[in-house]
Structures are given as structure tokens and as C-alpha cells.
Amino acid sequence: MSIVKINVLTVPSEQREELERRFASRAGAVESSDGFEWFELLRPVEGTDRYLVYTRWRDEAAFQAWMSGPMKAAHQGGGGGRTGGGGRGPAASDSTVWTFEVVQQAAPKPGAEG
């Protein structure tokens, strides 16, 4: 089954707009990566300053290949990543990656209203 990587980013309130802008500028960069299955950037609503970056991958090898290739290039200034964008430094003040294996999943049944 797939693996899920959740990058927990601590983002000061004055950097939220910048973080979202940087992710938007990279839209489409991960979707063509081998083994990529899903991405979501989750903005905190209340009670925290942590964004969650949710990605799902076919396996750990696919994630590691992306980390050592396209993601690394983007964060070194090649794709407007968190440390890209003219040397302004990271928008997040801290980052932690959580890893999970998908052991169960469900999707809406065809024809189900949502």
C-alpha cells in the first residue's frame, strides 16, 4: 500500500501569505513525479500556526527519488520553493516530517452525493 508523508511546517502569521505564494508558484511540479499519488496544502484555521503538507506516494523509494531530485532543486532556488525566491530564506520557522503507511482507505461510492 501507499505511504503518506505529512510535512508539519510552523509558519509565523506574517509569513503565511508568502508560504502559500511559494507553493502556488510550484503548482504542477510534483504531479509528474514517478510514484506520486496526491498532494494537499492544509492551512490552519484556529489554535495553531502549523501548516500540513500532505503527500501520498506509491512507496518510500518514490518519495526518496523525488526528495533527492525535483524537491531538492525547487528548494535550492530552481522552482520558487521555500528557500527559493530571491534568497529571502524559508517561510517556515520549523519543519517536521511524519510518515505513515496507508492500511485502510475509502472513497465515495459512484453516484454518492457529496
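Everything here concerns the structure above.
Predicted model only: the values in this text are computed from it and were never measured. Per chain, the residues get numbers from 1 upward, laid out in the order the sequence is written. A pLDDT threshold of at least 70 governs which residues receive local features in this predicted model, and a stricter bar of 80 or more applies before side-chain atom pairs are shown or counted, although totals over entire chains, interfaces and linings include all residues. By convention in this description, side-chain values take in all heavy atoms of the structure and omit both hydrogens and water.

Trainee: Could you clarify how one ought to interpret the sheet that holds strand β2 (residues 36-42) in this entry?
Mentor: Hydrogen bonds between backbone atoms are what pair the strands of a sheet, whose relative direction is either parallel or antiparallel. Read from one edge of the open sheet, four strands run β2-β3-β1-β4, paired in antiparallel fashion. Two strands close off the open sheet at either side, each with one partner strand: β2 and β4 (94-101). For this sheet the average axis-to-axis angle between neighbouring strands, irrespective of direction, equals 15°. Here, strands pair whenever DSSP counts at least two bridges between them. Numbering of helices and strands runs from the N terminus, with a helix taken as a DSSP run of H or I at least four residues long and a strand as a DSSP run of E at least two residues long. Direction of pairing for strand β1 (residues 3-10) relative to strand β3 (residues 50-57): antiparallel, over a ladder of eight bridges. Bridge pairing in β3 places I3 opposite W57. Each of β1, β2 and β3 is contacted by helix α1 (residues 16-25), which is oriented at about 20° to β3, the strand it contacts most. Only the contacting stretch of a helix is used when fitting its axis, a line to C-alpha atoms as for every element, and angles between N-to-C directions run 0 to 180 degrees. Any two residues whose heavy atoms approach within 4.5 Å are treated as being in contact.

Trainee: Would you take a moment to explain the environment of Q15 for this structure?
Mentor: By the secondary structure assignment, Q15 is in the loop between β1 and α1. Once the C-alpha coordinates of Q15 and P90 are considered, the two residues, 75 residues apart in sequence, prove to be 9.2 Å apart.

Trainee: Explanation requested: the pattern of salt bridges in the structure shown.
Mentor: Close approach of charged atoms allows side chains with opposite charge to pair. Definition used for salt bridges: Asp or Glu carboxyl oxygen within 4 Å of a side-chain nitrogen of Lys or Arg. Here the structure, examined in full by the defined rule, presents seven salt bridges. The salt bridge involving K5 is made with E60; its shortest N-O contact spans 2.9 Å. A residue pair is termed long-range when its members are at least 10 positions apart, and K5 in strand β1 and E60 in helix α2 (residues 60-78) qualify at 55 residues. For K5, a relative accessible area of 7% gives the class buried. A salt bridge links R22 to E18; the nearest nitrogen and oxygen atoms lie 2.5 Å apart. With a gap of four residues between them, R22 and E18 both fall in helix α1, about one helical turn apart. Each member of the pair, R22 as well as E18, is classed as buried. Each residue's exposure class comes from its accessible area (1.4 Å probe, protein chains only) as a fraction of the maximum for that residue type: buried when under 20%, exposed when over 50%, partly exposed otherwise.

Trainee: Which parts of the structure should I look at to understand the packing of aromatic side chains?
Mentor: To describe a pair of aromatic rings, one takes the distance between the centres and the angle between the planes. Planes of paired rings set the category: under 30 degrees apart is stacked, over 60 is edge-to-face and the rest tilted, where pairs are Phe, Tyr or Trp rings (Trp by its six-membered ring) whose centres lie within 6.5 Å. One pass over the full model with this rule turns up five aromatic pairs. An angle of 25° between the planes, with centres 6.1 Å apart, marks the rings of F23 and F39 as stacked. Remark: F39 occurs in strand β2 and F23 occurs in helix α1; sequence separation between them is 16 residues. Summarising the aromatic geometry, the rings of F63 and W66 are spaced 6.0 Å apart at their centres and angled 45° between planes, so their arrangement reads as tilted. Of the two residues, F63 and W66 are both situated in helix α2; the distance of three residues between them amounts to about one turn of the helix. Neither F63 nor W66 differs from the other in exposure class; each is buried. Taken together, F36, W57, F63 and W66 form an aromatic cluster joined through their ring pairs.

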